[in-house]
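Secondary and tertiary structure notes
The primary structure of each chain is shown beneath.
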Amino acid sequence: MEKEFDVTQTTITRDNPFRLCFVCLGNICRSPTGEGVFRHLVNERGLQPYFFIDSAGTSAWHVGEPANHNSRNVAEKHGVELLSRARKFGPADLDEFDLILAMDRQNYRDILNMASTDQQRARVRTMRSFDPDPEDGNVPDPYQGGLNGFENVYQIVYRSCSQLLDLLEPRIERS
Ligand code: 4NP
């Protein structure tokens, strides 16, 4: 078992904000939802100075595109705006972020394949390792399916992000 990032061992300050990157395949459906939902929760709790939040894709297929219209519509229905533009995840991101959240197990393997040090590998987790009901560990790819798939992604991501922020919030040294 790889040594994994331990949220209880981190200290978050204004000078040392916690940096998260949500990663999926296209960076137009699942990871923009993660980025948008996490930012929404951070804003609701007034914790903006303590986090840097981004997303990326393991493929370059949709680089420059806004989030998928179904993802945006479902998020908007829940009061969450998705403002990302797709970019490709690269090896340098493994040093830029404290926590890299893979939306499914394939994304997780693809990211780990870019890593060259144990420190980089320890920063990579699946989104659903923070889900109270993780099922098979994947946030299912909604791209080819109907609207239900997008709502399902939203619910999974919302649950997981809430749990993650609950773990991180006590690590903040407020100033
Ligand atoms: P995402 O969804 O990885 O959640 O952004 C997908 C978007 C596009 C494709 C696959 C998945 N695609 O094959 O183009």
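Residues numbered from 1 in each chain as written. Predicted model: local features only at pLDDT ≥ 70, side-chain atom pairs only at ≥ 80, totals over all residues. Heavy atoms only, no water.

**Structural notes on the packing of aromatic side chains**
One pass over the full model with this rule turns up five aromatic pairs. Here the aromatic rings of Phe 18 and Phe 51 are separated by 6.4 Å at their centres, their planes lie at 75 degrees, and the arrangement is edge-to-face. Linking Phe 18 in strand β1 (residues 18–24) with Phe 51 in strand β2 (residues 51–57), this pair joins segments that are 33 residues apart in sequence. The same class applies to Phe 18 as to Phe 51, namely buried. (Phe/Tyr/Trp six-rings, centres within 6.5 Å; stacked < 30°, edge-to-face > 60°. Helix = DSSP H or I, 4+ residues; strand = E, 2+ residues; numbered from the N terminus. Buried < 20%, exposed > 50% of the residue type's maximum accessible area, 1.4 Å probe, protein only.)

**A closer look at the sheet that holds β1**
Overall, parallel pairing links the four strands, which are arranged β2-β1-β3-β4 in an open sheet. Either end of the sheet is taken by a strand with one partner, and the two such strands are β2 and β4 (124–126). Within this sheet the neighbouring strands show an average axis-to-axis angle of 25 degrees, counted without direction. On the sheet, helix α1 (residues 30–44) packs against β1 and β2 and is oriented at approximately 170 degrees with respect to β2. (Pairing = 2+ DSSP bridges. Axes fitted to C-alpha atoms, helices over the stretch in contact; angles between N-to-C directions. Contact = heavy atoms within 4.5 Å.)

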